[in-house]
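A look at the structure
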Amino acid sequence: MKTSATDLELAIQMDEAARVAHELRLKRDRRERNGRILKHIFLIVVSCVMLYPLFWLLASSLKPENEIFGSLTLWPSEFHFENYTKGWYALPISFTVFYVNSAIVTILSVIGNLISCSFAAYAFARLNFTGRSFFFALMMMTLMIPYHVVLIPQYVQFLNLGWVDTYLPLVVPRFLASDGFFIFLMVQFFRQLPRELDEAAMIDGCSPFKIYWAIILPLSLPAMGTAAIFSLIWVWEDFLAPLIYLNDIKSYTVPLALRLFLDQEGQSAYGQMFAMSVLSLVPVVIFFGLFQKLIVRGIATSGMK
Amino acid sequence: MRRFFARNAPAYVFLLPWLIGFFLLALGPILASLYLSFTRYDMVSAPRWIGWGNYEYMFTRDRRFWKALEVTFSYVALAVPARLIMALGVAMLLDKGLRTIGVYRAIFYLPSLLGASIAIAILWRQLFAADGVVNQVLAMVGIQGASWITDPDTSLYTLVVLAMWQFGSPMLIFLAGLRGIPRDLYEAAEIDGTPRWRQFTRITLPLLAPVIFFNLVLQTIESFKTFSSAFIISNGTGAPADSLLFYTVYLFNEAFKFFRMGYASALAWFLLVIIAAFTAIAFFTSKYWVHYENERD
């Protein structure tokens, strides 16, 4: 076996080619890394701009009154925590009452949404019945209807029932699956569950209700969780319905109470107003922090708001 | 007959809450508001039939109605594209080559969750006040900022910026859509030396068209319904000089401040027609500009 000159040349050429390829790869990697770093810098700048208003709100809630406007710094020269304690009692009724009211409305609404929407979604996704596609199309159409269109007749209806100034107009519709978004979200999820489960359970003599309760619900906890978090946040922030149905300040929810601060604007209570604004956002931020994954997946799969 | 009943009964039991809700909270009220829109109704005396009177007044004599339409359409025309471009741009940045996108995703989504709240509307009023943060930043680069909220020429832009700030949910939907585009298409384009911009127009945009379409329809409908922030920032009236007279704010005031329930119902029905028309146009034209991946053309 002898090594010819051409073989040697070939080997050298191949080595050279490998070297060039390696260099190219290095160059590409370097370019990609630089690109990544640039991207990170850009994204961090955007993040700061996005978050600045929120930090400004937080900072202003702690600043002395004369520092709120006229300075961009977020760090207060002295911390005025009393904005929070004073703000809590700044309105004729303390915020304890508003928070309890909001909590009652929110909890009842979330329960109502979960029960009624999962019922409807189970029927649409898992049961065969006459008129299914017709009703499903109707349900999808209601998603489009602006709340303002049904508002006036609903108001007249609830007024005649004597429900104005109670929480019933806010809560009862949720027990009647008024928010089709959640039905849609759950239908999407229920459909993915294997059909064989229902069939096997049916053969074992399970009733549809048993299947819903013992099979579908336990397997659908992520979807139920997503729906619960979204409805919690939306009901908590809801403004229009409480604005219309609640007239007595004792029954106000937190957003209505915050609006009262605006009427007192100019009485130099900005710090207190911001403090109460911050507090009203805290539950939302906490729930977002805890259930971020569920929220993100929920939007990506259903395309909600 | 009995078999028909036995087959359908369980499903309708499950459907019952929604069915009641549909008739009492959706269909009934929609028909009722159609009827009311042909009446004069102040909630004290019974509705009085006036035929097309409300609509005639609306289209021919009501200046504020036209103003409300102008404000709302301007808002939709500015806010929807602004929000979608932000969302798509950021989603594309997050999509490629970064491993730790979770934190950014959370930061960019947070404003969308908070944006509809009264607290943020209150905050926005102060950010764009004459001595607010925005003007201080502008002053640093030597620009004398306007009194954004109280100047009728600029007030609408504060709400457009608020809408842009909440680009989180379309961003998440775009991200999911971008994930669905096969990587090898970009690799092939890279090998062919296709410039980035052409990769964007020839690969990303066409394959993302269904998602863009979806976001566009959804965001347009959402933007027509904007209420809380406009209501708070305009002191509940549409001020200054009706420059923030969003359609929903006008409707609310006609109904619950002046108790012109008949006229407000006519306004409500026209809003429904606008939204239905937009949805229909989007769907019927979609076949010309949206290509779904499983289609062969």
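Bear in mind that the values here come from a model prediction, so they are computed numbers and not experimental data.

1. Overview of the overall build of chain A
The helix and strand tally for chain A stands at 13 helices and zero strands. When the elements of chain A are put in sequence order from the N terminus, they spell out α-α-α-α-α-α-α-α-α-α-α-α-α. Dimensions of chain A along its principal axes, counting C-alpha atoms only, are 105 × 70 × 35 Å. Across the 305 residues in chain A, those meeting the buried criterion constitute 50%. For chain A, the proportion of contacts with a sequence separation of at least 24, taken over those separated by at least 6, is 71%. Per element, the accessible surface of chain A, about 15200 Å² overall, is 66% carbon and sulfur.

2. Focus: the interface of chain B and chain A
Residue-level contacts link 88 residues of chain B with 89 residues of chain A. Approximately 7900 Å² of surface area, both sides summed, lies buried where chain B meets chain A, with 78% of it carried by carbon and sulfur atoms. Across the chain B-chain A interface, the total number found is zero salt bridges. Seen at the junction of chain B and chain A, the total is five residue pairs in polar contact (both at pLDDT 80 or more).

3. Some words on the environment of B:Leu110
Position of B:Leu110 among the secondary structure elements: in helix H4 (residues 102-114). Separated by 59 residues in sequence, B:Leu110 and B:Ser169 place their C-alpha atoms 9.6 Å apart. Residues in contact with B:Leu110, not counting those within four places in the same chain, are A:Leu54, A:Val285 and A:Phe288.

4. What to know about the nonpolar core
Ranked by internal contacts, the top residues of the largest apolar core, which has 199 residues, are A:Phe124, A:Ile183, B:Trp18 and B:Phe108. At 15 residues, the largest contribution of residues to this core is made by helix H3 (residues 63-95) of chain B. The contact partners of B:Trp18, leaving out residues within four places of it in the chain, are A:Ala120, A:Phe124, A:Phe135, A:Leu138, A:Met139, A:Leu176, A:Ala177 and A:Ile183.

5. Quick word on helix H9 (residues 208-219) of chain A
Under the 1.5 Å per step criterion, the end-to-end length of H9(A) is 15 Å for 12 residues, consistent within 8% with the ideal 16 Å. Here H9(A) has its buried residues at A:Ile211, A:Tyr212, A:Ile215, A:Ile216 and A:Leu217.

6. What about the domain arrangement of chain A?
All names here are of chain A. Its domain assignment divides chain A into domain 1 (5-60) and domain 2 (89-302). Taken together, the four residues of domain 1 in the interface contact five residues of domain 2. Of all residues in domain 1, Leu57, Leu58 and Ser60 bury the most surface against domain 2, accounting for 82% of the area lost on that side. Seen at the junction of domain 1 and domain 2, the total is zero salt bridges. Applying the counting rule to domain 1 against domain 2 returns zero residue pairs in polar contact (both at pLDDT 80 or more). Here the residues of the side of domain 1 that touches domain 2 are counted per class, giving three nonpolar, one polar and no charged.

7. Some points on helix H5 (residues 147-160) of chain A
Residue and element names in this part refer to chain A. Relative to the 20 Å expected for 14 residues at 1.5 Å per residue, H5 spans 20 Å between its end C-alpha atoms, a close match to the ideal helical length. Along its length, H5 reaches its greatest deviation from straightness, about 30°, at Pro153. Summarising burial for H5: 10 of the 14 residues are buried, a large majority. Turning to H5, its buried residues number three or more, namely His148, Val149, Val150, Leu151, Ile152, Pro153, Gln154, Tyr155, Val156 and Phe158.

8. Considerations on a nonpolar patch on the surface
Residue and element names in this part refer to chain A. Taken together, Val100, Ile104, Ile107, Leu108, Ile111, Ile115 and Phe175 make up a surface patch of nonpolar side chains, about 550 Å² in accessible area. The element contributing the most residues to the nonpolar patch is helix H3 (residues 95-126), with six residues. Among the structural elements, Leu108 can be located in helix H3. Given the relative accessible area of 36%, Leu108 is considered partly exposed.

9. A closer look at the packing of H3(A) against helix H10 (residues 221-237) of chain A
All names here are of chain A. Running from amino to carboxyl end, H3 crosses H10 at an angle of 145°, the nearest separation of the two axes being 9 Å. Taken as a pair, H3 and H10 cross one another with a handedness that is right-handed. Listed contacts from H10 to Tyr99, Ser102, Ala103, Val105, Thr106, Ser109, Val110, Asn113, Leu114 and Ser118 of H3 are Met224, Ala227, Ala228, Ser231, Leu232, Val235 and Trp236. Partitioning the contact of H3 with H10 into residue classes produces 11 nonpolar, six polar and no charged.

10. Some points on the pattern of salt bridges
Where side chains of opposite charge bring their charged atoms close, a pairing between them can arise. This structure, assessed with the given rule, holds nine salt bridges over all chains. Measuring nitrogen to oxygen at the nearest pair gives 2.7 Å for the salt bridge that ties A:Arg126 to A:Asp198. Note that A:Arg126 is positioned in helix H3 and A:Asp198 in helix H8 (residues 195-203), a separation of 72 residues in sequence. For A:Arg126, a relative accessible area of 5% translates into the label buried. A:Asp198 sits in the buried class, given a relative accessible area of 6%. The salt bridge partner of B:Asp242 is B:Arg64, with a shortest N-O separation of 2.9 Å.

Rules used in this analysis
- Residues numbered from 1 in each chain as written.
- Chains lettered and ligands numbered in written order.
- Predicted model: local features only at pLDDT ≥ 70, side-chain atom pairs only at ≥ 80, totals over all residues.
- Heavy atoms only, no water.
- Helix = DSSP H or I, 4+ residues; strand = E, 2+ residues; numbered from the N terminus.
- Buried < 20%, exposed > 50% of the residue type's maximum accessible area, 1.4 Å probe, protein only.
- Contact = heavy atoms within 4.5 Å.
- Areas by Shrake-Rupley, 256 points an atom, 1.4 Å probe, with all protein chains shown as cover.
- Buried area = accessible area lost by both parts, 1.4 Å probe.
- Salt bridge = Lys/Arg side-chain N within 4 Å of Asp/Glu carboxyl O.
- Polar contact = N/O pair within 3.5 Å; in protein donor to acceptor, adjacent residues only side chain to side chain.
- Core = buried A, V, L, I, M, F, W, Y, C linked by side-chain atoms within 4.5 Å.
- Expected span 1.5 Å × (residues − 1).
- Domains from an automatic or database assignment.
- Nonpolar A, V, L, I, M, F, W, Y, C, P; charged D, E, K, R; others polar.
- Bend = angle between axes of the 7 residues up to and from the residue.
- Patch = residues over 30% accessible without salt bridge, like charges linked within 9 Å, V, L, I, M, F, W, Y side chains within 5 Å.
- Axes fitted to C-alpha atoms, helices over the stretch in contact; angles between N-to-C directions.
- Left-handed = near helix turned anticlockwise from the far one by under 90°.

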